[in-house]
Amino acid sequence: MDLGLREKSSTVLLYLGSKRLLRFVSVRPEWADIRVTENCNSRCTTCNAWRNKSTNELTTDEIKDAIHQLKGVGVNNVVFIGGEPLLRSDIGALVKEASLLGFENIIVVTNGLLLKDRAKELFRNGVTHITVSVDGVGATDDKIRGVPGSYDRAVKGIETVQSLKKDMGVNVAVTIVTTMLLNQNVEEIAKLVELARSLDAHWIFNLLDPNLDIFKGIPFSTLLVNSEQKIDATIDYLKKTCEESPQLIPSCDHMLEFARSYLKRPKRYDFHCVHGYRMVYLGSHGEVYLGCYAMPPVGNIRKDKLQDIVGSKQHRKVAEKMYMRKCPGCTNRYEFNIAMKHLIPHQLHCVKKNPRRKST
């Protein structure tokens, strides 16, 4: 069967939600996250990654080999995450390796503290997207990030990126990602959106989730918004802005309404998770996760080959378990699952109106 037809057929089968049909679904990851380091130069109140010094992480050659293996099993989009990826002196070389192999999307997720100094290196080596985390305006961001001057440095980094884009003639999308609707920033969401507009950037959001490893142990009670009125006002504002400026906020009603529900009553999601079929994650010490950091790793690239894991009976078993919600459940990359749950209206309305919105 033609690859494109097989993938479309798999999408339809996943949408139908029947366990009996899962054996016909293609197990072929399209996206990969590579956590190139656990170390971070921020001190965020929303994350514990920075508290421990990580050693013996994957070397340059090991990550390059992993990138080749990912390409070999069909992955076409790679995201370099941390910790803080720009702490690695070889991040440019890693981006270049992915570029030389022809990955469609090569994304670096950064807190922006080092972006001003390293943006040109990323451009020269073929990065396609730079995602900068900004959690508030001015002092609010500095407090959440735990480093004085974080906000100014992140904004300066974005400004440098935009200037270099023009000077170097490159097309790189810059997205501000904010951990949405914390007690500390809920009243600044509109300002953050307008900041993105002023910087000619896109704005998206993430959701805190106790089942994701980087959020374990943080004081959720002090971070979550306890006012449904503020949640409604913010989601309503985002829906209106998204409708008026779809290029500014690449989201849609389905995703925003899920966020509204989750933020009011954080609970287990009510949709099938397709991550096991579409994604693979690599830990900074070589751990192989089949679509979810909330599930145990199934191998390690320091001793296992991805070609022996991806598409195996073990892979299919894990993917089916996640799909049938026999896992901790999390909001990581929830937009992929929301798009699948609302597949037909999402394709007919959301994606058609704004191709930047997540499509399955």
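Description of the structure in this document. (Residues numbered from 1 in each chain as written. Predicted model: local features only at pLDDT ≥ 70, side-chain atom pairs only at ≥ 80, totals over all residues. Heavy atoms only, no water.)

Enumeration according to the criterion identifies 18 salt bridges in this entry. Among the salt bridges present, the one from E257 reaches R260, with a minimum N-O distance of 3.0 Å. Residue E257 and its partner R260 are located together in helix α10 (residues 253-264), separated by three residues, close to a single helical turn. Overall, the relative accessible area of 29% leaves E257 in the partly exposed class. (Salt bridge = Lys/Arg side-chain N within 4 Å of Asp/Glu carboxyl O. Helix = DSSP H or I, 4+ residues; strand = E, 2+ residues; numbered from the N terminus. Buried < 20%, exposed > 50% of the residue type's maximum accessible area, 1.4 Å probe, protein only.)

On to unusual backbone geometry, then. Cis geometry marks the peptide bond from G82 to G83, where omega comes out at 15 degrees. Counting through the fold element by element, G83 comes out in the loop between β2 (77-81) and α3 (91-100). Unlike most non-glycine residues, R333 shows phi in positive territory, near 50 degrees. Within the secondary structure layout, R333 lies in the loop between α13 (313-323) and α14 (334-341).

Time to look at the pairing of strand β4 (residues 129-133). A large share of β4 lies buried, amounting to four of its five residues. Where strand β3 (residues 105-110) meets β4, four bridges bridge the pair, whose relative direction is parallel. Of the residues in β4, the one forming a bridge with I107 is H129. Considered for its hand, the β-α-β crossover made up of β3, helix α4 (residues 115-124) and β4 is right-handed. (Pairing = 2+ DSSP bridges. Right-handed = clockwise from strand over helix to strand, strands pointing away.)

Right, let's get into the environment of L115. Relative to the helices and strands, L115 resides in helix α4. Taking the relative accessible area as the measure of exposure, L115 reaches 0% and is therefore buried. Residues L115 and L86, 29 residues apart in the sequence, show an inter-C-alpha distance of 7.5 Å.

Turning our attention to α10. In a regular helix each residue adds 1.5 Å, so twelve residues correspond to 16 Å; α10 covers 17 Å between its end C-alpha atoms and thus fits that length. Of the residues making up α10, those classed as buried are H254, M255, L256, F258, A259, R260, Y262 and L263. (Expected span 1.5 Å × (residues − 1).)

For R333, a relative accessible area of 17% translates into the label buried. In contact with R333, other than residues within four places in its own chain, are D33, V79, H275, M279 and Y281. (Contact = heavy atoms within 4.5 Å.)

Moving on, we get to the nonpolar core. Grouped together as the largest cluster of nonpolar side chains are 94 residues, with contacts concentrated most on F80 and W203. Ignoring anything within four residues of it in the chain, the contact list for F80 reads I34, V36, I67, P85, I91, L94, V95, I106, I107, V108 and V109. Grouped together as the second largest cluster of nonpolar side chains are ten residues, V27, V274, Y277 and A319 included. (Core = buried A, V, L, I, M, F, W, Y, C linked by side-chain atoms within 4.5 Å.)

Inspection of the secondary structure puts E84 in the loop between β2 and α3. It is R145 that comes nearest to the buried, bridge-free E84 among opposite-charge side chains, at 6.8 Å. Among the polar contacts made by the side chain of E84, one reaches the main-chain amide nitrogen of N111 at a distance of 2.8 Å. Ignoring any residue separated from it by four or fewer positions in sequence, one finds E84 in contact with T37, N39, C40, N41, T110 and N111. (Lys, Arg positive; Asp, Glu negative; His and termini not counted. Polar contact = N/O pair within 3.5 Å; in protein donor to acceptor, adjacent residues only side chain to side chain.)

The grouping of V12, Y15, L16 and I344 at the surface amounts to a nonpolar patch, some 350 Å² of accessible area in total. Mapping L16 onto the fold places it in helix α1 (residues 3-16). (Patch = residues over 30% accessible without salt bridge, like charges linked within 9 Å, V, L, I, M, F, W, Y side chains within 5 Å. Areas by Shrake-Rupley, 256 points an atom, 1.4 Å probe, with all protein chains shown as cover.)

Now for α4. All of the buried residues along α4 are L115, R118, A119, L122 and F123. Down the axis of α4, the buried set is contained in an arc of 150 degrees. They therefore lie on one face. Facing away from the buried side of α4 by over 90 degrees, the exposed positions are D117 and R124. In the core, the buried residues of α4 are packed alongside α3, β3, β4 and α6 (150-168). In the segment just after α4, G126 is the residue with positive phi, at about 105 degrees. (Arc of directions from axis to C-beta.)

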